[in-house]
Amino acid sequence: MSVSPGNGAALVAPELPVMVGAVNGALRSVTVRGKAGNTLVGGVLSADRTQWRSKRGTAPGETYQVTVVAVGPSGATKQVTSEFSTQKATQTFAVDKILPNKDITGLTVGVGMPIMLTFTHGITDRVSVERNLMVQSSKPVEGAWHWFDDKSVSFRPKKWWPANTKVKLVAQLAGVRGAPGMYGTQDYVREFEVGRAQISHADTVSHQMTVKRDGEVIRTIPLSAGDGGSWNHYTTNGVHLAMSREDVTTMTSPDAGPGSAGYYSLTVYDTVRISDTGEYVHGAPWSVGSQGNSNVSHGCINVSPSNAKWFKEVTLIGDPIIVSGTPRQLDPGNGWGHWQESWPQWLRWSGLRSGFTTEALSAVPVSDHLTQQTDTSKRRVTS
């Protein structure tokens, strides 16, 4: 019988699995228990009952006891007990924020919604962390994680999420190595649901926005987009996502401060934010005469007050809003511009490349297992 790590082993790397093997016999039971926290480590037994391997690593700075019971060819049983200890963490990391969440996005989202995690510390062992981020869905979806920087990783399907799909993120990060000497402190679970498929196309040349739900046009809205008087006054071209819905938004000029020429501060109603650089779909009673025929805004998509109110009310966070007809491209790092990258481009920044979501979920109530910190960072916005 073999047990790894061996009896008395010290300073064992927590990310290493526990492995047990039986020769000329079969394993009846394997128990791996942390002595301090009395925690059990789960494992998988091979079909012929000769090999056992832990499903995940162990916690740093802990002593574990391994108890193995095996059965020999004659039917006699043998019990072996061993202990090992893991090296202590010099630093720990946790998840600072997960999106979607109940407070910021709601738990029913649009078909373009990515899963976004922000960590408290920079991750250098990206593969180790990514391997422990599992996405389950009620409908099979091909997708992949993508690192925008050392603290930010997002999951996006290759294509839109299927409508009416239940999704569950299981982040088994307790004891996972994030960098040399740095390990995760806890696990996280997040469940959410993808709603109906609503995709809007805003054409800045025809000055019309077509809103489709489940493939059917439900409204065509006259619009006025960025006038292009300066580069920053073009509406960005590409696949945006609805990032927030606000009854009232104060919009200030992005390129002029108080007292400068061109400065403005406006109170705008019924807004849907689509980027981090101040672009919204919003009500603009001052440009109704231009909506449907010309572009006069400073970058936002202007629509009538009644259309703005309707659009805000029917939009889910994560709904795609695709803008076409302008020379200024939406940067993938601007807001949630995740869909601006082609699938091969997306995979370049994935540690494990693409894979399919695991095991179908039953129709269980959607829940939010974490209390998340609200993003209160200030953004300058345009009209």
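1. A closer look at the environment of Gly75
Looking at the element boundaries, Gly75 is found in the loop between β7 (63-71) and β8 (77-86). Along the sequence, Gly75 and Val20 sit 55 residues apart, while their C-alpha atoms lie 19 Å from each other.

2. Concerning the side chain of Ser137
By secondary structure assignment, the location of Ser137 is in strand β13 (residues 133-137). The exposure class assigned to Ser137 is buried, which follows from its relative accessible area of 2%. In terms of polar contacts, Ser137 uses its side chain to reach the backbone carbonyl oxygen of Lys139, at 2.5 Å.

3. What about the packing of aromatic side chains?
Here the structure, examined in full by the defined rule, presents nine aromatic pairs. Seen from their ring centres, Phe155 and Trp161 are 6.0 Å apart, and the 35° between their planes marks the pair as tilted. The exposure class assigned to Phe155 is buried, which follows from its relative accessible area of 4%. Considering the side-chain rings of Trp161 and Phe192, the 6.2 Å spacing of their centres and the 90° angle between planes classify their relative orientation as edge-to-face. Taken together, the positions of Trp161 in the loop between β15 (152-157) and β16 (166-171) and Phe192 in strand β19 (residues 188-194) put the pair 31 residues apart, joining distant regions of the chain. Both residues of the pair, Trp161 and Phe192, belong to the buried class. Among the aromatic residues, ring-to-ring pairing joins Trp145, Phe155, Trp161 and Phe192 into one connected group. Lying over the aromatic face of Trp346, Arg156 brings its terminal NZ or CZ to 5.0 Å of the ring centre. Between the NZ or CZ atom of Arg219 and the centre of the ring of Trp310, over which it lies, the distance is 4.2 Å.

4. Description of the confidence of the model for the chain
Looking at the chain as a whole, its pLDDT mean stands at 90, while 91% of the residues score no less than 70. Low pLDDT, under 50, characterises residues 362-383; the stretch is placed with 72 contacts to residues that sit more than four places away or in other chains.

5. Observations concerning the layout of surface pockets
Quantified by volume, the second largest pocket comes out at close to 310 Å³. Surrounding the second largest pocket, 17 residues form its lining, Glu15, Arg56, Gly57, Arg131 and Asn132 being those nearest its centre. Residue composition of the lining of the second largest pocket, grouped by class: five nonpolar, five polar and seven charged.

6. Remarks on the nonpolar core
Counting residues in hydrophobic clusters, the biggest one holds 43 residues, and the most contacted among them are Ile115, Leu117, Phe119, Val129, Trp145, Trp161 and Leu173. For this core, the secondary structure elements donating two or more residues are β10 (95-99), β12 (115-119), β13, β14 (142-149), β15, β16, β19 and β23 (238-241). For this core, the leading source of residues is β12, giving four residues. Val129 has contacts with Phe93, Phe119, Ile123, Trp147, Leu173, Val176, Arg177 and Gly178, leaving out every residue within four places of it along the chain.

7. What to know about unusual backbone geometry
Here Ser4 and Pro5 are connected by a cis peptide whose omega angle stands at 5°. For Pro5, the location among the structural elements is in the loop between β1 (2-4) and β2 (9-12). For the bond from Leu99 to Pro100, the omega torsion is 5°, close enough to zero to count as cis. Secondary-structure assignment places Pro100 in the loop between β10 and β11 (108-109). Positioned with a positive phi, Leu11 is a non-glycine residue whose angle comes to about 55°. Note on placement: Leu11 falls in strand β2. With relative accessibility at 65%, the residue Leu11 sits in the exposed group. The phi angle at Arg49 is positive, at roughly 60°, despite the residue not being glycine. Relative to the helices and strands, Arg49 resides in the loop between β5 (43-45) and β6 (51-54).

The rules behind the values
- Residues numbered from 1 in each chain as written.
- Predicted model: local features only at pLDDT ≥ 70, side-chain atom pairs only at ≥ 80, totals over all residues.
- Heavy atoms only, no water.
- Helix = DSSP H or I, 4+ residues; strand = E, 2+ residues; numbered from the N terminus.
- Buried < 20%, exposed > 50% of the residue type's maximum accessible area, 1.4 Å probe, protein only.
- Polar contact = N/O pair within 3.5 Å; in protein donor to acceptor, adjacent residues only side chain to side chain.
- Phe/Tyr/Trp six-rings, centres within 6.5 Å; stacked < 30°, edge-to-face > 60°.
- Lys NZ or Arg CZ within 6 Å of the ring centre and 35° of its normal.
- pLDDT = per-residue confidence, 0-100.
- Contact = heavy atoms within 4.5 Å.
- 1 Å grid on protein atoms, 1.4 Å probe; cavity = no way out; pocket = protein on both sides within 12 Å on 5 of 7 lines; lining within 4 Å.
- Points joined across faces, edges and corners; volume = space filled by probe spheres on them.
- Nonpolar A, V, L, I, M, F, W, Y, C, P; charged D, E, K, R; others polar.
- Core = buried A, V, L, I, M, F, W, Y, C linked by side-chain atoms within 4.5 Å.

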